[in-house]
Amino acid sequence: MSGRRSTSDPHPAPDATSDVIRWAAFSCVLVPVVLVWYGTSLAGAAGTAFGLAAVTAACRVLLRRSERCAAQRGGRHTKERTPVD
């Protein structure tokens, strides 16, 4: 069968950064809806949505940059071992 996985190919690791960004984007939509539901003005809810979107975008950039740097260095551990390792 062509759809079978190789036995040496374990399940791929979940992409934690994508999960965090996905939940943050969900919050960017949910929070303003809840604010309007509870009586906040549309302008206030829109401002909140804009602020959350800006913070989410900045965090996404920083998380992806961190992943790239970690991949270039070979993960968390480098040449030296620290006492906490």
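Residues numbered from 1 in each chain as written. Predicted model: local features only at pLDDT ≥ 70, side-chain atom pairs only at ≥ 80, totals over all residues. Heavy atoms only, no water.

### Side note on the overall build of the protein chain
Then, number 1: Broken down by element type, the protein chain carries 2 helices and 0 strands.
Then, number 2: When the accessible surface of the protein chain is summed, it comes to about 7400 Å², and 63% of that surface belongs to carbon and sulfur atoms. (Helix = DSSP H or I, 4+ residues; strand = E, 2+ residues; numbered from the N terminus. Areas by Shrake-Rupley, 256 points an atom, 1.4 Å probe, with all protein chains shown as cover.)

### So, the side chain of Thr 56
Then, number 1: Structurally, Thr 56 can be placed in helix α2 (residues 42-73).
Then, number 2: In terms of polar contacts, Thr 56 uses its side chain to reach the backbone carbonyl oxygen of Leu 52, at 2.8 Å. (Polar contact = N/O pair within 3.5 Å; in protein donor to acceptor, adjacent residues only side chain to side chain.)

### Overview of the packing of aromatic side chains
In this description, a pair of aromatic rings is defined by centroid distance and the angle of the planes.
Then, number 1: Evaluated as defined, the whole model comprises 1 aromatic pair.
Then, number 2: Both rings, one in Trp 23 and one in Phe 26, keep their centres 5.7 Å apart while their planes meet at 90°; by these two values the pair is edge-to-face. A residue pair is termed a helical-turn pair when its members lie 3 or 4 positions apart in one helix, as Trp 23 and Phe 26 do in helix α1 (residues 16-37) at 3 residues.
Then, number 3: You can call Trp 23 exposed: its relative accessible area is 61%.
Then, number 4: Under the relative-accessibility criterion, Phe 26 is labelled partly exposed at 45%. (Phe/Tyr/Trp six-rings, centres within 6.5 Å; stacked < 30°, edge-to-face > 60°. Buried < 20%, exposed > 50% of the residue type's maximum accessible area, 1.4 Å probe, protein only.)

### Re α2
Then, number 1: With 32 residues, α2 should cover 46 Å at 1.5 Å per step; its first-to-last C-alpha distance of 46 Å lies within 8% of that length.
Then, number 2: Looking at the residues trailing α2, positive phi occurs at Gly 74, about 85°. (Expected span 1.5 Å × (residues − 1).)

### Considerations on the side chain of Ser 18
Then, number 1: Within the element layout of this structure, Ser 18 appears in helix α1.
Then, number 2: Of note is the side chain of Ser 18, whose polar atom sits 3.0 Å from the side chain of Arg 64.

### Structural notes on the pattern of salt bridges
Close approach of charged atoms allows side chains with opposite charge to pair.
Then, number 1: For the coordinates displayed, the defined rule picks out 2 salt bridges.
Then, number 2: Measuring nitrogen to oxygen at the nearest pair gives 3.1 Å for the salt bridge that ties Glu 67 to Arg 64. Here Glu 67 pairs with Arg 64, and both are found in helix α2, just 3 residues apart, close to one helical turn.
Then, number 3: By relative accessible area, which is 31% here, Glu 67 ends up partly exposed. (Salt bridge = Lys/Arg side-chain N within 4 Å of Asp/Glu carboxyl O.)

### Let's talk about a nonpolar patch on the surface
Then, number 1: A contiguous nonpolar patch, built from Trp 23, Phe 26, Leu 30, Val 34, Trp 37 and Tyr 38 and spanning about 810 Å² of accessible area, is present on the exposed surface.
Then, number 2: Mapped onto the elements of the fold, Leu 30 is located in helix α1. (Patch = residues over 30% accessible without salt bridge, like charges linked within 9 Å, V, L, I, M, F, W, Y side chains within 5 Å.)

### Some points on the state of the cysteines
Then, number 1: All chains considered together, the criterion is met by 0 disulfides.
Then, number 2: A disulfide-free cysteine, Cys 28 has its sulfur positioned 9.9 Å from the sulfur of Cys 59, the nearest such atom.
Then, number 3: You can call Cys 28 buried: its relative accessible area is 14%. (Disulfide = S-S within 2.5 Å.)

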